[in-house]
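Structural description and commentary
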Amino acid sequence: MNETRRAILDAIADGPVSGPELADSLSVSRAAVWKHVDALREAGFEIESNSSGYELVSADAYSGPAVEFGLEAPFAVEYHDAVGSTNAVARERATDGATDVVVLADEQTGGRGRLEREWSSPAGGVWLSIVTRPAITPARAPLYTLAAAVATTRAAREAGVDARIKWPNDVVVPVDEDGAYRKLAGILTEMEGETDRVEWLTVGIGVNANLDADGLPEGATTIRDEAGEDIDRRVFVQRLLEEFDAARADLDGVVPAWRDLALTLGQRVRVDRSSGELVGEAVDITNAGALVVESDESGEREPIAAGDCEHLRPV
């Protein structure tokens, strides 16, 4: 957000401030103040003006400036009403040199999940991609996927949903004690780098928020259906980004946090991987984010770095 506009919002958030006072404190003209206030109104901020001056009444809009206002994390937010894919736009921003940019959209017309699966992304959901340039090796990049899962799960739980994590990158809602679930959110991480360093990393997060599950693929659920009401998406995105920022600042704490929220651990699973199918019990996750499965066939514990995991009913 423009720094002058941010300063105006901060000034008028606690009560009315006159145009001349704003102009003097910001060292700009009164006409410039009026233009900035007009731009803020166009961005969705409800600003009243009367004889006492300008006053911020509401910042509940779903827009880039509104999400940035009050956000306690160092992200710039680029908002679109509709976009083909937030991840595609995020890759463009990353290759242009951007960092700590969030591409946020009300609707995606060409959303994709893991393995190029179509991801339904209608208006009302939370569809965003984070561009970051972490000073890590590629081997630690999977921790960013885990961090995003932890952040999304915590934000959903704050919204009143019994959210848990299914390895490797789904946020789900349990439906029984045997590991069955409904999918609430998905995460897709992409990376560019060299052997010893990450050049950039994008984390795409899609959350079924203010939607009806009836209009989504079978097995999906939404925050609306689970919590019984719509959420303030602006606040939800802020909390998600703040939790993600805290998690990436403490990568050593990501795996323990993931374990605490995991639904997959303790479940019988079938994992499809490039070397073949593995069936057994998911017993742990490594510090690098690999799922550890105790094989039904061999009895040995095998770490799986990548694969498609399915929860199985107990024998």
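Above this text sits the structure in question.
Residues numbered from 1 in each chain as written. Predicted model: local features only at pLDDT ≥ 70, side-chain atom pairs only at ≥ 80, totals over all residues. Heavy atoms only, no water.

Moving on, we get to the overall build of the protein chain. Tallying secondary structure elements over the protein chain gives nine helices and 14 strands in all. When the 315 residues of the protein chain are sorted by exposure, 50% land in the buried category. Within the protein chain, counting contacts between residues at least 6 apart in sequence, those at least 24 apart form 59% of the total. With the model as given, the accessible surface of the protein chain reaches about 14,300 Å², and the carbon-plus-sulfur share is 43%. Averaging the locations of the 30 positively and 58 negatively charged side chains of the protein chain gives two centres separated by 2 Å. (Helix = DSSP H or I, 4+ residues; strand = E, 2+ residues; numbered from the N terminus. Buried < 20%, exposed > 50% of the residue type's maximum accessible area, 1.4 Å probe, protein only. Contact = heavy atoms within 4.5 Å. Areas by Shrake-Rupley, 256 points an atom, 1.4 Å probe, with all protein chains shown as cover. Lys, Arg positive; Asp, Glu negative; His and termini not counted. Charge placed at Lys NZ, Arg CZ, Asp CG, Glu CD.)

Quick look at the side chain of E242 now. Here E242 shows up in helix 8 (residues 233-248). In this structure the side chain of E242 is engaged in a polar contact, spanning 2.9 Å, whose partner is the backbone nitrogen of E72. (Polar contact = N/O pair within 3.5 Å; in protein donor to acceptor, adjacent residues only side chain to side chain.)

For the rest of this paragraph, the subject is a negative patch on the surface. Together, E46, E48, D60 and D232 give the surface a local cluster of negative charge. For E48, the location among the structural elements is in strand 1 (residues 46-50). (Patch = residues over 30% accessible without salt bridge, like charges linked within 9 Å, V, L, I, M, F, W, Y side chains within 5 Å. Salt bridge = Lys/Arg side-chain N within 4 Å of Asp/Glu carboxyl O.)

The subject of this paragraph is the environment of A249. Topologically, A249 is positioned in the loop between helix 8 and helix 9 (254-261). The sequence separation of A249 and P134 amounts to 115 residues, and the corresponding C-alpha distance is 9.9 Å.

This part covers the packing of aromatic side chains. Per the stated rule, a full pass over the model turns up three aromatic pairs. Geometrically, the ring pair formed by Y62 and Y79 is edge-to-face, given 5.7 Å between the ring centres and 80° between the ring planes. Taken as a pair, Y62 in the loop between strand 2 (53-58) and helix 4 (64-68) and Y79 in strand 3 (residues 76-83) lie far apart in primary sequence, 17 residues in all. A centroid spacing of 6.0 Å and a plane angle of 70° characterise the contact between Y144 and F244, whose relative ring orientation is edge-to-face. Here F244 lies in helix 8 and Y144 lies in helix 6 (residues 142-158), a separation of 100 residues in the sequence. With respect to class, Y144 is no different from F244; both count as buried. Residue placement shows R233 over the ring face of Y62; its charged tip is 3.9 Å from the ring centre. (Phe/Tyr/Trp six-rings, centres within 6.5 Å; stacked < 30°, edge-to-face > 60°. Lys NZ or Arg CZ within 6 Å of the ring centre and 35° of its normal.)

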